Structures are given as structure tokens and as C-alpha cells.
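Overview (structure and organization)
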Amino acid sequence: METAKQPLYRRLFTLALEGAYQWLIGLALGCVFGWLFQSKMPNALVHPAEYWFFSGSVFFGSIAGFLSFAKVTRWGITQIRRWHHPPSLRVIAQGGKCAAVEIHHSGEPAIWESYIRILKVLSDSPNPNPLLRQCYLRKGGRGSRSLLLVDGESASIVLANIHWDSARSFRQTYVTVPNADDDYSTPVSGGAIIEVNFNTHPPIRKYSVKKCFQVDRTDNIMECTEVPCR
């Protein structure tokens, strides 16, 4: 079951509230450190430049130190949680009106991207598009080049579908392989073997996943089967 995504205004409000909270603590610490070091400050009347320079250094240095500490602490907690429960994907082949794969995320939240390429056309025809292309990750009826998934969430990728050429006098159909880099899908003669690569963003090599699938067409039904990558 997918978790409900918060509206944009709520996420912005949460980020603003967290930022304001950190700045308030930083300002409070700046005042506290300024009060603690007031006995060491130069006389404001005799040495005004030195006084303001020293006061500003203590005040703003305290704020910068706290914000840096908070950022490092948050980064460290994230790394520890990823070490205990690393992000991973389970990839399941699906057929039907289109050939697709469904991915199930587990572990700490991660932003995923996916790339596909046609490894081989089963009819031994020339490969029309052997280059690695980015594809859309689909969730909730929407497609995006990168997608944040949390533990238990899922998404899907369309590997191939049946295209109906309605412009002709007779309804000719053929198999196409879509990607996010071209405006038009790549037509293939019959079935094909397609390689799918999943990477986190920013990329972390140990979390990457590579799978290969054979897509075939039987009448108006697409079949999708996982095969070894060669």
C-alpha cells in the first residue's frame, strides 16, 4: 500500500519550520556565547572596532558552528540508518496490454532513476536503438525521470507496448520500446531482449540493480520474462 504524499504547501511549510527552528537555536546559542565571553571583550568606548569585530565573531561563529554540527549530525544519522537498513529493489516482470516491470522498494528512502537499452531483436533484425536511454518511473498514474521511494512503496516501468497505427487505412500494429530521451518510441520487429538499470540519485554503486527481460507479443498480449544478462 502506497503512503499518501503530502501536498507541496505542507512540505514547504515543514521545511521552513525546520529551518526557522534551527536558526532560532543558533541565534540563542550566539547570544549565550556572547554573554559568556563578554568579560573578554574589549571596551566598546575605547576600542569600538575591536569590540564589534570580537562580538560578531563570537555571535556568528556560534550560529555557523551549530548549523554545521546539525548538518553533520543529520548526515551521520542517515548513513547509520542506511547501513542498518540499506535501500534495495525487488523487480517483478509483468505482461498484459504492455510489457512492464514492477519495482518494490525496501529500506531507507532513496531517489531512483532507471535506464534501458535494447540488447537484441529476436527476429535477428538490426538493433534500432542499442544505446542506454533513461526511462520514466511511473507511480500513481504519473511518470518521472527520478522518483523518491520509501519503505514499502512501489512503481513501474513500461518496457514495450503495442502501437496501433490508426493513420493507415488498415489498423497495422507493431511493438515499440519507449524511453524518456526521445519524443517517439522505438519500433522493433517482433520481440526483443531489454536491459534495465536502476541507480540511486546521487548514484551509489553498491545499490545499483541490473536486470534483463525478454519481451514478446502474442496477438494483442505482451509477455515479459526475466532472462540472464549476457
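Conventions used here
Residues numbered from 1 in each chain as written. Predicted model: local features only at pLDDT ≥ 70, side-chain atom pairs only at ≥ 80, totals over all residues. Heavy atoms only, no water. pLDDT = per-residue confidence, 0-100. Contact = heavy atoms within 4.5 Å. Salt bridge = Lys/Arg side-chain N within 4 Å of Asp/Glu carboxyl O. Helix = DSSP H or I, 4+ residues; strand = E, 2+ residues; numbered from the N terminus. Buried < 20%, exposed > 50% of the residue type's maximum accessible area, 1.4 Å probe, protein only. Disulfide = S-S within 2.5 Å. Pairing = 2+ DSSP bridges. Polar contact = N/O pair within 3.5 Å; in protein donor to acceptor, adjacent residues only side chain to side chain. Core = buried A, V, L, I, M, F, W, Y, C linked by side-chain atoms within 4.5 Å.

With that out of the way, let us pick up the confidence of the model for the chain. With 64% of its residues at a pLDDT of 70 or more, the chain has an overall mean of 79. Residue range residues 1-5 is modelled with pLDDT below 50. Its contacts to residues more than four positions away, or to other chains, number six contacts.

Counting across every chain of the model gives four salt bridges. Of the charged contacts in the structure, one is a salt bridge between Glu195 and Arg117, with a shortest N-O distance of 3.3 Å. Of this pair, Glu195 sits in strand E11 (residues 192-200) while Arg117 is found in strand E3 (residues 110-121), placing the two residues 78 residues apart along the sequence. Residue Glu195 is classed as buried on the basis of its relative accessible area of 5%. Judged by relative accessible area, Arg117 falls into the partly exposed class, the value being 30%.

What follows deals with the state of the cysteines. Per the counting criterion, the structure on display carries one disulfide. Between Cys212 and Cys229 runs a disulfide, and the two sulfur atoms are separated by 2.1 Å. With the S-S dihedral at roughly 115°, the linkage between Cys212 and Cys229 falls on the right-handed side. With Cys212 in strand E12 (residues 209-218) and Cys229 in the segment after strand E13 (221-227), this pair connects stretches of sequence that are 17 residues apart. The exposure class of Cys212 is buried, given its relative accessible area of 0%. Assessed through its relative accessible area of 33%, Cys229 is described here as partly exposed. Cys98 takes part in no disulfide bond, and the closest cysteine sulfur, belonging to Cys224, lies 9.1 Å away.

With respect to the helices and strands, Pro178 occurs in the loop between strand E9 (172-177) and strand E10 (186-188). Residue Pro178 is classed as buried on the basis of its relative accessible area, which comes to 17%. Sequence separation between Pro178 and Cys135 is 43 residues, and the spatial gap between their C-alpha atoms is 7.3 Å. Each residue touching Pro178, except ones within four places of it in the same chain, is listed here: Ile116, Val158, Leu159, Ala160, Asn161 and Ser185.

In the sheet, E11 pairs with E12 via seven bridges, with the strands oriented antiparallel. Residue pairing across strands places Glu195 opposite Cys212, the latter belonging to E12. Adjacent in sequence and paired antiparallel, E12 and E13 are bridged by two residues, among which Asp219 carries a positive phi angle near 55°.

Turning our attention to the side chain of Thr186. With respect to the element layout, Thr186 can be found in strand E10. A residue is classified by how much of its surface remains accessible, and Thr186, at 9% relative accessible area, is buried. Here Asn129 takes part through its side chain, which lies 3.2 Å from a polar atom of the side chain of Thr186. Setting aside chain neighbours within four positions, we find Thr186 in contact with Ile118, Pro128, Asn129, Val175, Thr176, Val177 and Asn179.

In this section: the pairing of strand E7 (residues 146-149). Along E7, the buried face is formed by Leu147 and Leu149; none of Ser146 and Leu148, which line the opposite face, is buried. Taken together, the four bridges between E3 and E7 define a ladder with antiparallel strand orientation. Bridging from a neighbouring strand, Trp112 pairs with Leu147 of E7.

Now for the nonpolar core. Ile103, Trp112, Leu159, Phe198 and Val215 are the most contacted members of the largest nonpolar core, which has 32 residues in total. Setting aside its immediate chain neighbours within four residues, Phe198 contacts Leu89, Val91, Val101, Ile103, Trp112, Glu113, Ser114, Leu137, Ile157, Ser208 and Val209.

Backbone torsion omega between His201 and Pro202 reads 0°, so that peptide bond is classified as cis. Phi angles above zero are rare outside glycine, and Asp124 is one such case at about 65°. The residue Asp124 is located in the loop between E3 and strand E4 (133-135) in this model. Phi is positive for Asp219, which is not a glycine, with a value near 55°. By the secondary structure assignment, Asp219 is in the loop between E12 and E13. In this structure Asp219 comes out as exposed when scored by relative accessible area, which is 64%.

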